[in-house]
Amino acid sequence: MKIRTKLGTVIACFIAIPIIILNFILVGNLKAYNQRTYESGISKTAKYQSESIADFFEEALNSSKEVVSSNYIKDFTTYSNLPEDQKSSSKEDQEYKQMIINQTSSYVSISNIKKQNVNVESAMIINNSGVVIASSDESTVGQKLPDAQKMFNVADVNNGVSAISVQSVNGKSIPVFYVAKSIFSNDNVKQGVFLQTYNTNFLQKIINSAKTYKSSNTLIVDSFGNIFEYQYENIKQYTDVSNYSNIKNVIKNSISADNQTHKSNFTVYSNIGHKSCAYNIAVPNANWSIISTAEIGDIEESFNASIAKVKLASTLIILLVMALVIGFVFYFTKPIDNIVDILTKKQRGDQNARFEVKTNDEFGKIGTAFNLMFDDVFESEQRYRTIVEMTDNIVF
């Protein structure tokens with residue numbers, strides 16, 4: 001094997017083997033990094049969504065608190081609960097006049113809430129008898145609601161935030177939820193409830209705000225276990241949705257725990273022949289949960305794309321290094337080829353063969369030394385021939 005081949009092989013091995021080893025290490029680290037990046041990305045997105053919905057709820061709850069704490073709302077609702085024989089019938093009576101003032105103020109306050117918030121479909125005050133005494137929709141005033149007790153119950157649990165349900169609003173069935181706050185008189189007796197009906201446009205916007213992978217899906221699970229997700233048309237209990245049958249315990253734990261004990265977690269599960277992962281986080285103020293899911297295949301696809309880039313970069317580096325090694329070897333071994341060539345010519349009897357010394361390095365010194373040696377040999381041969389010729393002349 002020529003020295004050029006040996007030298008090239010040794011140098012290539014010294015360079016290529018570490019690159020290959022580094023490539024394997026990078027692949028392993030990249031897989032772990034990709035997993036951490038996904039978990040970090042999905043957790044940050046879910047946290048942002050959770051905080052956005054929490055802020056939305058806080059705004060809704062604050063507007064409710066502002067209404068139920070106003071004196072004219074308290075007085076008007078208390079007055080509506082009085083027996084008819086205790087209510088003033090004279091329009092000149094001061095009590096009646098004050099009732100009219102309170103009623104008008106209540107109507108204005110509720111109407112303003114509806115006008116100022118596009119997410120509010122309706123707002124109303126319901127007294128203890130279940131009668132609507134003020135509403136953003138005047139046609140409902142005076143009606144007795146058959147499910148009034150349900151609205152009273154909403155106000156007593158889960159911070160006044162109801163489950164999501166599909167209701168008919170203005171002749172159209174849409175998913176909504178209620179925010180209810182009890183109204184107490186100044187002597188702390190419950191007189192009724194202030195009820196706001198919210199559409200889910202904002203929630204839909206939040207759900208659609210982030211889609212990291214093709215299979216990414218974000219769902220909201222309310223405190224009653226209802227799942228709200230795209231297409232937003234049907235509301236189902238999590239126990240009735242087969243796609244999430246393998247994370248029932250995750251969903252159950254997320255809605256059974258309060259905001260203080262609910263822990264965010266990352267779960268891998270099987271989903272109709274595919275491996276998927278889910279991350280859940282609590283929504284403060286309502287005991288709801290955000291659950292983000294994605295198929296492992298999509299994550300691995302992203303990982304494989306990264307690996308392909310690493311392998312391509314490694315291959316290009318190795319090819320570039322090999323080209324440099326070949327160029328270096330040829331450059332480095334050229335003087336050796338020159339030495340071999342000159343010595344071969346000498347072996348064949350070429351007395352004029354000499355090295356061309358172009359450098360001052362070790363190869364240049366070797367060439368100079370050989371040239372001096374060739375000159376000495378040539379001079380010795382010339383002297384020898386001269387002596388031989390002289391001896392021949394003496395003898396003959």
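Before reading further, recall that the structure is shown in the block above.
Residues numbered from 1 in each chain as written. Predicted model: local features only at pLDDT ≥ 70, side-chain atom pairs only at ≥ 80, totals over all residues. Heavy atoms only, no water.

(A) The sheet that holds strand S3 (residues 165–169), seen in detail. Strand order in the open sheet formed by 5 strands is S2-S1-S5-S4-S3, and the pairing between neighbours is antiparallel. On the outer flanks of this sheet lie strand S2 (132–135) and S3, each paired with one strand and no other. Across the sheet, the axes of successive neighbouring strands diverge by a mean angle of 40°, strand direction being ignored. Bridge count for S3 against strand S4 (residues 172–184) is 5 bridges, and the pairing is antiparallel. By the bridge assignment, Ser 168 is partnered in S4 with Ser 173. The strands that helix H4 (residues 148–156) touches are strand S1 (120–127), S4 and strand S5 (190–199); relative to S4, the one it contacts most, it runs at about 65°. (Pairing = 2+ DSSP bridges. Helix = DSSP H or I, 4+ residues; strand = E, 2+ residues; numbered from the N terminus. Axes fitted to C-alpha atoms, helices over the stretch in contact; angles between N-to-C directions. Contact = heavy atoms within 4.5 Å.)

(B) Examining the layout of surface pockets more closely. Its volume calculated, the largest pocket comes out at about 630 Å³. As for the largest pocket, its lining consists of 33 residues, and the residues nearest its centre are Ser 216, Asn 217, Thr 218, Glu 229 and Tyr 244. For the lining of the largest pocket, the secondary structure elements donating two or more residues are helix H1 (3–68), strand S6 (217–221), strand S9 (265–271) and strand S11 (288–295). Taken together, the residues that form the lining of the largest pocket break down as 11 nonpolar, 15 polar and 7 charged. Of the volumes computed, that of the second largest pocket is approximately 520 Å³. Considering the residues around the second largest pocket, the lining is formed by 15 residues, among which Lys 334, Pro 335, Asn 338, Lys 358 and Thr 359 are closest to the centre. When residues of the lining of the second largest pocket are traced back to their parent elements, those giving at least two are helix H7 (296–347) and helix H8 (362–395). (1 Å grid on protein atoms, 1.4 Å probe; cavity = no way out; pocket = protein on both sides within 12 Å on 5 of 7 lines; lining within 4 Å. Points joined across faces, edges and corners; volume = space filled by probe spheres on them. Nonpolar A, V, L, I, M, F, W, Y, C, P; charged D, E, K, R; others polar.)

(C) Representation of the packing of aromatic side chains. Counted by the stated rule, this structure contains 9 aromatic pairs. Summarising the aromatic geometry, the rings of Phe 57 and Phe 177 are spaced 5.6 Å apart at their centres and angled 85° between planes, so their arrangement reads as edge-to-face. With a gap of 120 residues between them, Phe 57 in helix H1 and Phe 177 in strand S4 connect regions that are remote in the sequence. Of the two residues, Phe 57 and Phe 177, both sit in the buried class. An angle of 75° between the planes, with centres 5.6 Å apart, marks the rings of Phe 177 and Trp 288 as edge-to-face. Of this pair, Phe 177 sits in strand S4 while Trp 288 sits in strand S11, and the two are 111 residues apart along the sequence. (Phe/Tyr/Trp six-rings, centres within 6.5 Å; stacked < 30°, edge-to-face > 60°. Buried < 20%, exposed > 50% of the residue type's maximum accessible area, 1.4 Å probe, protein only.)

(D) A look at the nonpolar core. One finds Phe 57, Phe 177, Phe 194 and Trp 288 to be the most contacted residues of the largest nonpolar core, which totals 43 residues. If you look at the next biggest cluster of nonpolar residues, it comprises 13 residues, including Met 124, Ala 148, Met 151 and Val 193. (Core = buried A, V, L, I, M, F, W, Y, C linked by side-chain atoms within 4.5 Å.)

(E) Spatial organisation of the pairing of strand S10 (residues 274–283). Most of S10 sits out of view: 8 of its 10 residues are buried. With 7 bridges connecting them, S9 and S10 associate as antiparallel partners. Directly across from Thr 267, in S10, lies its bridge partner Ala 278. In this antiparallel pair of consecutive strands, S10 and S11, the connection spans 4 residues, and Asn 285 shows a positive phi of 80°.

(F) Up close: the environment of Ser 106. Looking at the secondary structure, you find Ser 106 in helix H3 (residues 94–116). In the structure, Ser 106 is positioned 32 residues away from Lys 74 in sequence and 9.6 Å away in space, judged by C-alpha atoms. Those residues within four positions of Ser 106 in sequence are excluded, and the remaining contacts are Tyr 72, Ile 73, Phe 76, Ile 125 and Ala 134.

(G) Seen up close, the pattern of salt bridges. Under the criterion given, the structure shown has 1 salt bridge. Two residues, Lys 190 and Asp 156, come together in a salt bridge whose shortest N-O distance is 3.3 Å. Taken together, the residues Lys 190 in strand S5 and Asp 156 in helix H4 connect sequence positions 34 residues apart. The exposure class assigned to Lys 190 is partly exposed, which follows from its relative accessible area of 24%. Judged by relative accessible area, Asp 156 falls into the exposed class, the value being 52%. (Salt bridge = Lys/Arg side-chain N within 4 Å of Asp/Glu carboxyl O.)

(H) Expanded view of H4. If you check which residues of H4 are buried, you get Ala 148, Met 151, Phe 152, Val 154 and Ala 155. Viewed along the axis of H4, the buried residues span an arc of 155°, placing them on a single side of the element. Turned more than 90 degrees away from the buried face of H4, the exposed residues are Gln 149 and Asp 156. Against S1, S4 and S5 lie the buried residues of H4. Asn 158, located one to two residues past H4, shows a positive phi value of around 50°. (Arc of directions from axis to C-beta.)

(I) Molecular detail of the sheet that holds S9. The strand order S8-S7-S6-S11-S10-S9 describes an open sheet built from 6 strands, whose pairing is antiparallel. Among the strands making up the open sheet, the edge pair consists of strand S8 (236–237) and S9. Bridge count for S6 against S11 is 5 bridges, and the pairing is antiparallel. Within the sheet, the bridge partner assigned to Ile 220 lies in S11 and is Ile 290.

By themselves, these are just geometric observations and shouldn't be taken as functional.
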